[in-house]
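Structure assessment
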Amino acid sequence: MRVLFRTFRIITLLLIFIALAFYTKTQKLKSRTWSEPLQIIIYPMNSENNIDVEEYINQLDSHSFKAIDQFFQSEAEHYSLSIQKPITTALGETLRVYPPAAPHPDSNVVSIIIWGLKFRYWAYKNTPDDQSNLHRVRVFVHYHEVKENVHLQHSLGLDKGLLSIVHAFASKQQEPQNNIVIAHELLHTVGATDKYNAMLQPVFPDGYAEPDNIPLFPQSQAEIMSAKIPLSADHSRMADSLDQCIIGDKTAIEINWPQANYNE
């Protein structure tokens, strides 16, 4: 009897994994056709239960993220994308239940897989939608109090599940750079890879917005998947806003945009 139950449990788990894998594959294909805008829903969170952070969240509206829409629209024009507006952002409800803590980057594969499943279940349970999630990216933004010399936890975007966790400072002055991080992680969910090295410096040439410049340095723009403007071979600074960023050719290929030479 115990053997029969164990066999049944294993078969059930296998069926769940197969169904999940099929749905994930369908979601990946549908979200990267760019036949209709991706719906980007941004869910703010005050996980520190901070009064100042709460006040900041309360004044947010969809206009706070319009720079992201404008960035994607501008880049789509450069790549002659058939759709004029690749994404549309909207502000979701403020969440009071928070996603499971992300594993450390050095965690083993099993731990990362288990966390990914828990995160996807948490998102399903706490941000339900009676519409299909095939064209909806959910971005969960942890807002933090602004403090000097404080580095936020690393943000992440899953290329399976159209889900992202972003850590950002609760400040109007910080919004332009917050939007860079959101756009960066959003691109991860549709297949883009990082374009920086272990020292967080842009990788040449794919991490450079202007790899053909002579002289090469200093650059004036950032490739969005490095998010930094190279000033020398080993020194860079984060872009001030999405106005200083582009989607490079390698990233465009990864997200299934037509290849084009941005520098022509």
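Residues numbered from 1 in each chain as written. Predicted model: local features only at pLDDT ≥ 70, side-chain atom pairs only at ≥ 80, totals over all residues. Heavy atoms only, no water.

As a further point, take the overall build of the protein. Each helix and strand counted, the protein has 6 helices and 9 strands in total. Counting all 264 residues of the protein, 44% fall into the buried class. Counted over contacts in the protein with a minimum sequence separation of 6, partners at least 24 positions apart contribute 67%. A total accessible area of about 14,700 Å² is found for the protein, and carbon and sulfur atoms account for 57% of it. (Helix = DSSP H or I, 4+ residues; strand = E, 2+ residues; numbered from the N terminus. Buried < 20%, exposed > 50% of the residue type's maximum accessible area, 1.4 Å probe, protein only. Contact = heavy atoms within 4.5 Å. Areas by Shrake-Rupley, 256 points an atom, 1.4 Å probe, with all protein chains shown as cover.)

This part is about the pattern of salt bridges. Applying the stated criterion across every chain yields a total of 6 salt bridges. Its salt-bridge partner being D69, residue K66 comes within 3.4 Å of it at the nearest N-O pair. Taken together, the positions of K66 and D69, both in helix α3 (residues 66-78) and 3 residues apart, correspond to about one turn of that helix. The class of K66 is partly exposed, set by a relative accessible area of 29%. (Salt bridge = Lys/Arg side-chain N within 4 Å of Asp/Glu carboxyl O.)

Quick look at the sheet that holds strand β3 (residues 136-144) now. Strand order in the open sheet formed by 5 strands is β2-β1-β3-β5-β4, and the pairing between neighbours is mixed. Of all strands in the sheet, those bounded by a partner on one side alone are β2 (87-91) and β4 (156-158). Geometrically, the sheet is characterised by an average inter-axis angle of 20° between neighbouring strands, direction not taken into account. Note that β3 and strand β5 (residues 163-169) share 7 bridges and pair parallel. By the bridge assignment, V141 is partnered in β5 with V166. Lying on the sheet, helix α4 (residues 109-126) is in contact with β3, β4 and β5; it crosses β5 at an angle near 85°. On top of the sheet, helix α5 (residues 175-189) reaches β1 (38-45), β2, β3, β4 and β5; it is set at about 165° to β5, its chief contact. (Pairing = 2+ DSSP bridges. Axes fitted to C-alpha atoms, helices over the stretch in contact; angles between N-to-C directions.)

This part is about helix α2 (residues 51-58). Buried residues of α2: V53, E54, Y56 and I57, and no others. Along the axis of α2, the buried positions cluster into a sector of 160°, meaning they face one direction only. Those residues of α2 that are exposed and angled more than 90 degrees off the buried face are I51, E55 and N58. The N-capping residue of α2, defined by a side-chain oxygen 2.8 Å from the backbone nitrogen of D52, is N50. (Arc of directions from axis to C-beta. Polar contact = N/O pair within 3.5 Å; in protein donor to acceptor, adjacent residues only side chain to side chain.)

Moving on: the confidence of the model for the protein. The predicted model of the protein has a mean per-residue pLDDT of 88, with 84% of residues at 70 or higher. Note that residues 260-264 has pLDDT below 50 and, in this model, 14 contacts with residues that lie over four places away or in other chains. (pLDDT = per-residue confidence, 0-100.)

What follows concerns the layout of surface pockets. As a volume, the second largest pocket reaches approximately 790 Å³. Contributing to the lining of the second largest pocket are 23 residues, with L152, H154, V181, K228 and M238 lying nearest its centre. Listing elements by their share of the lining of the second largest pocket, those giving two or more residues are β5 and α5. Top element by residues in the lining of the second largest pocket is α5. It accounts for 6 residues. (1 Å grid on protein atoms, 1.4 Å probe; cavity = no way out; pocket = protein on both sides within 12 Å on 5 of 7 lines; lining within 4 Å. Points joined across faces, edges and corners; volume = space filled by probe spheres on them.)

Geometrically, a pair of aromatic rings is defined through the distance of the ring centres and the angle of the planes. Under the defined criterion, the tally for this structure stands at 12 aromatic pairs. Here the aromatic rings of F204 and Y208 are separated by 5.1 Å at their centres, their planes lie at 90°, and the arrangement is edge-to-face. Here the aromatic cluster, defined as three or more aromatic residues joined through ring pairs, consists of Y43, W115, F119, W122 and F140. (Phe/Tyr/Trp six-rings, centres within 6.5 Å; stacked < 30°, edge-to-face > 60°.)

Another aspect to go through is a nonpolar patch on the surface. There is a patch of nonpolar side chains on the surface, built from V109, I113 and L117 and spanning about 260 Å² of accessible area. Relative to the helices and strands, I113 is located in helix α4. With relative accessibility at 49%, the residue I113 sits in the partly exposed group. (Patch = residues over 30% accessible without salt bridge, like charges linked within 9 Å, V, L, I, M, F, W, Y side chains within 5 Å.)

Positionally, E175 belongs in helix α5. Those residues in contact with E175 that sit more than four places away from it in its chain are Y56, Q59, L60 and S64.

Before going further, it helps to examine unusual backbone geometry. Here the bond from F204 into P205 is cis, since omega is 5°, no more than 30 degrees from zero. Considering the arrangement of structural elements, one finds P205 in the loop between α5 and β6 (222-223). Cis geometry marks the peptide bond from F217 to P218; its omega dihedral reads -5°. Structurally, the position occupied by P218 is in the loop between α5 and β6. Look at L162: it is not a glycine, yet its phi comes out positive at around 55°. Non-glycine residue L200 carries a positive phi angle of around 65°.

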